[in-house]
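Next come the chains, spelled out residue by residue.
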Amino acid sequence: MIIQSIELCNFRNYEREIFEFDSGTNVLYGDNAQGKTNVLEAIFVGGTTKSHKGCRDLEMIRSGQKEAHLRYFAEKGGHLSKVEIHLKKGSSKGIAIDGLPIRNSHELIGLSNIIFFSPEDLGIIRDGPEERRRFMDMELCQLNKTYLYYLTQYKKVLKQRNALLKQIQENKAVKDTLEIWDGQLVEHGKKIISIREEFIESLNEIMKEKHKNLTGGKEDIDIYYKPNCLAEEMENRIFLEGERDIYSGSTSVGPHRDDIIFVSGNMDLRKYGSQGQKRTAALSLKMAEIEIVERTVGEKPILLLDDVLSELDRSRQNYLLENIKGIQTILTCTGLEEFVKNGINIDRTFEIVNGRKIRT
């Protein structure tokens, strides 16, 4: 699968620009704060409807403008799709596929599979559970429409249940309705736990091999799914924690509190790993992510690399570049010197200056 082109209109610092990509390695280069990452963000929005940074729509609209537009052409399974996205302050985004408006943004998910890798992805290893849950959800939503459905329903029920918990604090008479939301939360939550468990098991198998190759066999790694509660225990746990949840006004049990753990040599990398070990684990994870997409959908994903090479030493750079051959890659960097010096093949380049493509 590839992205053929994307047009940005009033997106971030771009007034209007069109990028046409090669199916191989594409490099966006230029000084910092010129808008290179904004192009990658636009591609990610075009494929997933969301910013990789978790930003709100209005934050992606060019300063002084009321709306922004993206037009995105992607090919998957021999079929070319045109995706148009309209961001407007104060209202929901509008999305059309091949000229036909869609009612639900979920219809777009999976039309193309995109993997985004940036230095911030070290946060998957280093930061709190929220980052690791976000990683699981982002990948599984692209790969599994069933998971997307259950996650969406779960979040809706969780929001309603939390609102009800706060109401009960003021009015005990509405407590009887809590059982209805509990049942729905358990129903969707158990499905999420089951799918996550299977996903992490498959990912672990691939990641172990990637990590072994990356470290020359010197280090091993395992990734473990750590659910807040087991699927078969969720109903009972929700019941037992009911009074505490009412007191706190929030739900304490369920997959919204799950985590995953990265272990190397019996050591929790988040707590005890060095910066280098965390970088290596993050790289192994992304390489495993590429393979699991290919196994699942039968095609290689589109890979976005945001200034990643500058964060990796020479051996890790070489490993990454060797393993992305045959994958459409769009990456950002400040200059082309390293590519030239190391004889790395580049299929297309774009120099970016202040939100403009000035040379290709």
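This section reports on the structure supplied with the text. Every value quoted in this text rests on a predicted model; they were computed, and no experiment measured them.

To continue, consider the packing of helix α5 (residues 178-214) against helix α9 (residues 275-297). Where α5 meets α9, the closest approach of the two axes is 8 Å, and the angle between their N-to-C directions is 125°. Relative to α9, the element α5 lies oblique. Of the two possible hands of crossing, α5 and α9 adopt the one that is right-handed. Residues Phe199, Ser202, Leu203, Glu205, Ile206, Met207, Lys210, His211 and Leu214 of α5 lie in contact with α9, whose contacting residues are Thr280, Ala281, Leu283, Ser284, Leu285, Met287, Ala288, Glu289, Glu291, Ile292 and Arg295. Of the residues in the contact of α5 with α9, the class split is 11 nonpolar, four polar and five charged.

Another point: the sheet that holds strand β13 (residues 329-333). Pairing is mixed across the open sheet formed by six strands, whose spatial order is β8-β12-β13-β3-β14-β15. Strands at the two margins of the open sheet, each flanked by one partner only, are β8 (114-117) and β15 (356-359). For this sheet, the mean angle separating the axes of adjacent strands, direction not counted, is 25°. As defined by bridge partners, strand β14 (residues 348-353) adjoins β15 across three bridges and the pair is classed as antiparallel. Bridging from a neighbouring strand, Glu351 pairs with Arg359 of β15.

Tallied over the entire structure, the rule returns seven aromatic pairs. Their ring planes at 90° and their centres at 5.8 Å tell us that Phe44 and Phe116 sit as a pair that is edge-to-face. Within this pair, whereas Phe44 is found in helix α1 (residues 36-48), its partner Phe116 is found in strand β8, the two being separated by 72 residues in sequence. Using a relative accessible area of 7% as the deciding quantity, one classes Phe116 as buried. Lys357 extends its terminal NZ or CZ atom over the ring of Phe19, reaching a point 5.6 Å from the ring centre.

What follows is about unusual backbone geometry. Even without a glycine there, the phi angle at Asn266 is positive, about 65°. Tracing the backbone through its elements, the reader meets Asn266 in the loop between β10 (259-264) and β11 (267-268). For Asn354, which is not glycine, the phi dihedral falls at a positive 50°. Within the secondary structure, Asn354 sits in the loop between β14 and β15.

The next point concerns the environment of Gln142. For Gln142, the location among the structural elements is in helix α3 (residues 129-143). Residue class for Gln142 comes out buried when judged on its relative accessible area of 6%. Spatially, the C-alpha atoms of Gln142 and Cys55 are 19 Å apart, while their sequence positions differ by 87 residues. Leave out the neighbours within four places in its chain, and Gln142 touches Thr48, Ile109, Gly110, Ser112, Asn113 and Ile114.

A few words on the pattern of salt bridges. This structure, assessed with the given rule, holds 22 salt bridges. Close ionic contact of Arg196 with Asp258 constitutes a salt bridge, the shortest N to O distance being 2.9 Å. Taken together, the residues Arg196 in helix α5 and Asp258 in the loop between α7 (242-248) and β10 connect sequence positions 62 residues apart. With relative accessibility at 0%, the residue Asp258 sits in the buried group. What you see here is one network of salt bridges that share partners, running through Glu7, Arg16, Arg71 and Glu84.

A separate point is the pairing of β13. Most of β13 sits inside the fold, with five of its five residues counted as buried. Burial along β13 is two-sided: the residues Thr329, Leu331 and Cys333 and Ile330 and Thr332 are all buried. Where strand β3 (residues 25-29) lies against β13, five bridges are found, and the strand directions are parallel. Following the sheet pairing, Tyr29 is matched in β13 by Cys333. Regarding the hand of the β-α-β motif, the stretch spanning strand β12 (residues 302-306), helix α10 (residues 314-323) and β13 is right-handed.

The next thing to look at is the side chain of Asn204. The residue Asn204 is located in helix α5 in this model. Taking the relative accessible area as the measure of exposure, Asn204 reaches 15% and is therefore buried. If we skip the residues at most four places from it in the chain, Asn204 touches Ile221, Asp222 and Ile223.

For the rest of this paragraph, the subject is the pairing of β12. Looking along a regular strand, one sees side chains alternate from face to face of the sheet. For β12, the buried fraction is high: five of the five residues fall into the buried class. In terms of strand pairing, β8 meets β12 through four bridges, oriented parallel. Across the sheet, Phe116 pairs through a bridge with Leu304, a residue of β12. Both β12 and β13 contribute to a ladder of four bridges, which runs parallel.

What counts, and where the lines are drawn
Residues numbered from 1 in each chain as written. Predicted model: local features only at pLDDT ≥ 70, side-chain atom pairs only at ≥ 80, totals over all residues. Heavy atoms only, no water. Axes fitted to C-alpha atoms, helices over the stretch in contact; angles between N-to-C directions. Helix = DSSP H or I, 4+ residues; strand = E, 2+ residues; numbered from the N terminus. Parallel < 35°, antiparallel > 145°, perpendicular 65-115°, else oblique. Left-handed = near helix turned anticlockwise from the far one by under 90°. Contact = heavy atoms within 4.5 Å. Nonpolar A, V, L, I, M, F, W, Y, C, P; charged D, E, K, R; others polar. Pairing = 2+ DSSP bridges. Phe/Tyr/Trp six-rings, centres within 6.5 Å; stacked < 30°, edge-to-face > 60°. Buried < 20%, exposed > 50% of the residue type's maximum accessible area, 1.4 Å probe, protein only. Lys NZ or Arg CZ within 6 Å of the ring centre and 35° of its normal. Salt bridge = Lys/Arg side-chain N within 4 Å of Asp/Glu carboxyl O. Right-handed = clockwise from strand over helix to strand, strands pointing away.

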